[in-house]
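Analysis of the macromolecular model
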Amino acid sequence: MRIAVLDNDRSQAELICQVLTSAGHVCHSFQTAKDVLAQLRKDSYDMLILDWQVVDLSGAEVLRRAREKLPDSAPVLFLTTSSGEDDIVAGLAAGADDYMIKPLRRSEMVARVQALLRRSYPAQNGAEQLQFGQYVFETRPGRLLMDGIVLDVTHKEFYLALLFFRNIGRPLSRAYIHEAVWIRETAVPSRTMDTHVSRVRNKLQLKPENGYRLVPVYSYGYRLEKLGA
């Protein structure tokens, strides 16, 4: 999952990202509220971790603005140096899902992040079958069916298609698609991604008469649209 981390302390933010990257996530760190909010306008993230005592905006205001840009299901974990009840209540009342008190313990952080992600994205945790209209994704064998007929798709085409269906209506940046599907393959030519998207569009027949449209978003990436939604 893609996680944004906001902490004024660069070394703390980088440490958090190091821990979460080791746990298998993609993590980007930011030192100011302005920077993270600007990035949320341009790119997609599945979770936000923020220091409640950021300098350029209140934690509550950062959370309010971030919620406008994050997916509805995205969890937010806030960090505080105070164990006082007031700060904790304020953060949870503002819409955060959980909190941690500094100094952070690595194992606890991973456990809390994983628990929040499991709760927020239940379909991505051990689900064997996911259905979107006439499309059925069987995640364990990596098999894709359309109207009950098995489609001939490669491993990457399967996960690329599943990524689009899990984010219907959301524009996905090329960076997000790359990190979600190609993961640790650092050099993926732009035409390679375009070719895979074209194959997914054709093999799944993502066209208006079937109720879907997979379209490019200029200078950004792609978006799967469900027509009539």
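By the naming in an unreviewed UniProt entry, the protein goes by DNA-binding response OmpR family regulator and is assigned to Duganella violaceipulchra.

**With respect to the overall build of the protein**
What the protein contains, in helices and strands, is eight helices and 12 strands. Relative to the 2.2 N^0.38 estimate, which gives 17 Å for 229 residues, the radius of gyration of the protein is 19 Å and therefore close to what a compact globule would have. Taken along the three principal axes of its C-alpha coordinates, the protein extends 55 × 35 × 35 Å. Scored against the burial criterion, the 229 residues of the protein give a buried share of 44%. By sequence separation, contacts in the protein at least 24 residues apart represent 56% of the contacts at least 6 residues apart. In the protein, 30 side chains carry a positive charge and 27 a negative one; their mean positions are 5 Å apart.

**Considerations on the layout of surface pockets**
Roughly 160 Å³ of internal volume is contained in the second largest pocket. Examining the composition of the lining of the second largest pocket, we find that three residues originate from one element, helix α2 (residues 33-42), more than from any other. Considering only residue class, the lining of the second largest pocket consists of six nonpolar, one polar and five charged.

**Examining the state of the cysteines**
Every disulfide links exactly two cysteines, by a covalent bond between their sulfur atoms. Considering all chains together, one arrives at one disulfide under this definition. With its sulfur 2.3 Å from that of its partner, Cys17 forms a disulfide with Cys27. For the disulfide bridge between Cys17 and Cys27, the dihedral angle about the S-S bond is near -65°, and by the sign convention the bridge is left-handed. Of the two residues, Cys17 is situated in helix α1 (residues 10-22) and Cys27 in strand β2 (residues 26-30); the sequence distance between them amounts to 10 residues. Across this residue pair, the class does not change: Cys17 and Cys27 are buried.

**A look at the side chain of Ser120**
Assignment of secondary structure puts Ser120 in helix α5 (residues 106-120). Exposure remark for Ser120: the relative accessible area of 17% places this residue in the buried category. Excluding residues that lie within four positions of it along the chain, Ser120 makes contacts with Ser73 and Pro75.

**Some remarks on the nonpolar core**
Formed by 37 residues in total, the largest nonpolar core has its most connected members in Ile49 and Val113. For this core, the secondary-structure elements that each account for two or more residues are β1 (2-6), α1, β2, α2, β3 (47-51), α3 (59-69), β4 (76-80) and α5. In this view, Ile49 contacts Ile3, Ala4, Val5, Leu6, Ile16, Leu20, Leu77, Leu79 and Val113; residues no more than four positions away in its chain are not counted. Residues Tyr135, Met146, Leu160 and Met193 belong to the second largest nonpolar core, which totals 30 residues.

**What to know about the sheet that holds strand β9 (residues 149-150)**
If you trace the four strands from one edge of the open sheet to the other, you get β6-β7-β8-β9, paired in antiparallel fashion. Among the strands making up the open sheet, the edge pair consists of β6 (129-132) and β9. In this structure, strand β8 (residues 143-146) lies alongside β9, joined through two bridges in antiparallel fashion. Looking at the pairing, Leu145 lines up with Val150 of β9. Each of β6, β7 (135-138) and β8 is contacted by helix α6 (residues 155-166), which is oriented at about 120° to β7, the strand it contacts most.

Cut-offs and rules
- Residues numbered from 1 in each chain as written.
- Predicted model: local features only at pLDDT ≥ 70, side-chain atom pairs only at ≥ 80, totals over all residues.
- Heavy atoms only, no water.
- Helix = DSSP H or I, 4+ residues; strand = E, 2+ residues; numbered from the N terminus.
- Rg over C-alpha atoms; globule rule 2.2 N^0.38 Å.
- Buried < 20%, exposed > 50% of the residue type's maximum accessible area, 1.4 Å probe, protein only.
- Contact = heavy atoms within 4.5 Å.
- Lys, Arg positive; Asp, Glu negative; His and termini not counted.
- Charge placed at Lys NZ, Arg CZ, Asp CG, Glu CD.
- 1 Å grid on protein atoms, 1.4 Å probe; cavity = no way out; pocket = protein on both sides within 12 Å on 5 of 7 lines; lining within 4 Å.
- Points joined across faces, edges and corners; volume = space filled by probe spheres on them.
- Nonpolar A, V, L, I, M, F, W, Y, C, P; charged D, E, K, R; others polar.
- Disulfide = S-S within 2.5 Å.
- Core = buried A, V, L, I, M, F, W, Y, C linked by side-chain atoms within 4.5 Å.
- Pairing = 2+ DSSP bridges.
- Axes fitted to C-alpha atoms, helices over the stretch in contact; angles between N-to-C directions.

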